Each structure stands twice: as C-alpha cells, then as structure tokens.
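Structural overview
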Amino acid sequence: MTELIDRIVQFRASIPPHVRVIAVTKTVSVEAMRAAYAAGIRDFGENRVQEAEVKRSALADLSDVTWHLIGHLQSNKAKSAIDLFDWIQSVDSLKLAQRLNRLAQEQNRHPQICLQVKLLRDPNKTGFSIEELWEALPQLSELLHLQIRGLMVIPPMGLDEAGTLAVFQQAKALVEKIHQQTGLPLDQLSMGMSDDYALAIQAGATIIRPGRILFGARVQLA
Ligand SMILES: *Cc1c(COP(=O)(O)O)cnc(C)c1O
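Residues numbered from 1 in each chain as written. Predicted model: local features only at pLDDT ≥ 70, side-chain atom pairs only at ≥ 80, totals over all residues. Heavy atoms only, no water.

Glancing now at the pattern of salt bridges. Under the defined criterion, the tally for this structure stands at eight salt bridges. With a shortest N-O distance of 3.1 Å, Asp64 and Arg42 are connected by a salt bridge. Here Asp64, found in the loop between α3 (49-58) and β4 (66-69), pairs with Arg42, found in the loop between α2 (30-38) and β3 (43-46); they are 22 residues apart in sequence, far enough to count as distant. Looking at Arg42, the relative accessible area reads 28%, which means it is partly exposed. The partner of Glu46 in a salt bridge is Lys55, with the nearest N and O atoms 2.8 Å apart. Of the two residues, Glu46 and Lys55, neither departs from the other in class, the shared state being buried. Through salt bridges with shared partners, a single network forms among Glu46, Glu51 and Lys55. (Salt bridge = Lys/Arg side-chain N within 4 Å of Asp/Glu carboxyl O. Helix = DSSP H or I, 4+ residues; strand = E, 2+ residues; numbered from the N terminus. Buried < 20%, exposed > 50% of the residue type's maximum accessible area, 1.4 Å probe, protein only.)

Shown next, in the form of structure tokens:
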C-alpha cells in the first residue's frame, strides 16, 4: 500500500491545485481506498449505487470524504443515490433531474449536480445532446433542490488527441455560453480520465476523474 500511496501523492502533486481530483474507485477495494485517503484524496467517484453503499458504510469513519456518482442512474435507485452521494455528476435527462429534485425535497437535501452532455453522438453513452440541454435548461433552472454546478463530459472512445481536445474545448465554450445566456451559476467542468486528463486540464477542466492511473487496471466485472 505504501507504493499506492506514493503513486497517488505524486499524481496529485502533478495536477494544478485548483483542479479537483475525484479518485474513481469502481471495483477498487476498501483497503486501496483507505490508501488513497492516506494520500490525501477526499473525493471518491463510483458508478454503481450498490457498490457505493457497501463502501460508504465500510468507510463511514472517513467523515470528510465527498462521494460522487459518475455512472448512469436508474430511476428506481434515485432515492438511494440521494442518500449516498453528495454529488451526482451523471444526470443525463430532464426526467431524472426532476425525479431527483422531488426526492431531494422529500429528504430535505440539496445535492450538487452535473449535467452529463454528449458533444458528439455516442451510442455507448447516455447524456443530453446539446440541443436537448438548451431545451431543458429553463425547466432545470426551476429545480430548486438541485444545485446544478456544471457539466460532465466523456468523449467517445477512439478519438485521437486533437479530437479529444476539441471535445473538451467545446465543453468549456458551452458551459461559458450557458452561464452567460441563462445566468445559471454553472462553473464546474468535470472531464478527463486516466488517458486524457492532461488535455482536459488544458481545456479548462475543474474536476478530473482518474481511476486506473491511480489504482492500476481494473478487474473486469461480469
Ligand atoms: C471509469 C470511469 C472513469 C475513470 O476511468 P479511468 O480510465 O480508469 O481513469 C472516469 N469517469 C467515468 C464516468 C467512468 O465511468
């Protein structure tokens, strides 16, 4: 574990201090997550509600950790997600946002939200298209129990560096345009994973989501 701690400390030191590093811990053991915590990580990202539930209770003593949902949320798990996560970065439809708002109101919570946007067509991912996002913004801005903070972007697989950078730059331009035209206080841009975080930071990411580069290759889940 000391090796893991060293690797994470070095990674964090290589990232500009204003960029928030979410350690993506899907499939990662609770022990490795404790090592990440020892290395200074205070943000964990999970993509499954059930896995996060188990880990959150196993790590309940780490009370200053912020938990981020970064995977597609099924509507029947929305209530648990509100319980478990401080941030839901993967809000990918107006319907889901409205449901979360209703549940947040019932539970008297105000979760932080990112809207997941697809800047290029990508059959493997959910998310708002740019057109859908503009269309939904007036209604999204009325969901007063959600703190809509920004956008989450995942470029399609298989783009080269220039293509990936172009997607990230487009995301940056979009979040600024939304801010200007709607006044919504969107100031967060969650983008960049192990293979492309440097490009994302170059384009203005405020949040990056590395997994494998911190913890090593993931074991494939069935
Ligand atoms: C798995 C995942 C990551 C981390 O990916 P790595 O390639 O391990 O860095 C980041 N964001 C999302 C949404 C993911 O699903």
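A few words now on the pairing of β4. Side chains of β4 alternate between two faces, with Thr66 and His68 and Trp67 and Leu69 buried alike. Examined bridge by bridge, β3 and β4 share four bridges and lie parallel to one another. Its bridge partner lying in β4, Phe44 is registered against Trp67. Between the parallel pair β3 and β4, the chain is carried across by α3, and the sense of this crossover is right-handed. Sheet analysis places β4 next to strand β5 (residues 87-91), joined by two bridges and oriented parallel. (Pairing = 2+ DSSP bridges. Right-handed = clockwise from strand over helix to strand, strands pointing away.)

Our next topic: the environment of Asp83. With respect to the secondary-structure elements, Asp83 resides in helix α4 (residues 78-84). The class of Asp83 is partly exposed, set by a relative accessible area of 44%. Taking the C-alpha atoms as reference points, Asp83 and Arg109, 26 residues apart in sequence, are found 8.7 Å from one another. Excluding residues that lie within four positions of it along the chain, Asp83 makes contacts with Arg56, Gln107 and Arg109. (Contact = heavy atoms within 4.5 Å.)

Scanning the entire structure with this criterion turns up one cavity of 30 Å³ or more. Taken as a whole, the largest cavity holds about 30 Å³ of empty space. Contributing to the lining of the largest cavity are Val117, Lys118, Leu119, Leu120, Asp122, Val153, Ile154, Pro155, Pro156 and Val167. Counted by class, the lining of the largest cavity contains eight nonpolar, no polar and two charged residues. (1 Å grid on protein atoms, 1.4 Å probe; cavity = no way out; pocket = protein on both sides within 12 Å on 5 of 7 lines; lining within 4 Å. Points joined across faces, edges and corners; volume = space filled by probe spheres on them. Nonpolar A, V, L, I, M, F, W, Y, C, P; charged D, E, K, R; others polar.)

Our focus in this paragraph is the nonpolar core. Counting 72 residues, the largest nonpolar core has Leu100, Leu133 and Leu140 as its most contacted members. Counting residues per element, this core draws most heavily on helix α7 (residues 161-182), at seven residues. Beyond its immediate stretch of four places on either side in the chain, Leu100 contacts Leu73, Ala78, Ile82, Ile88, Val91, Ile113 and Leu146. Counting eight residues, the second-largest nonpolar core is a separate cluster that includes Val24, Met152, Ile154 and Ile207. (Core = buried A, V, L, I, M, F, W, Y, C linked by side-chain atoms within 4.5 Å.)

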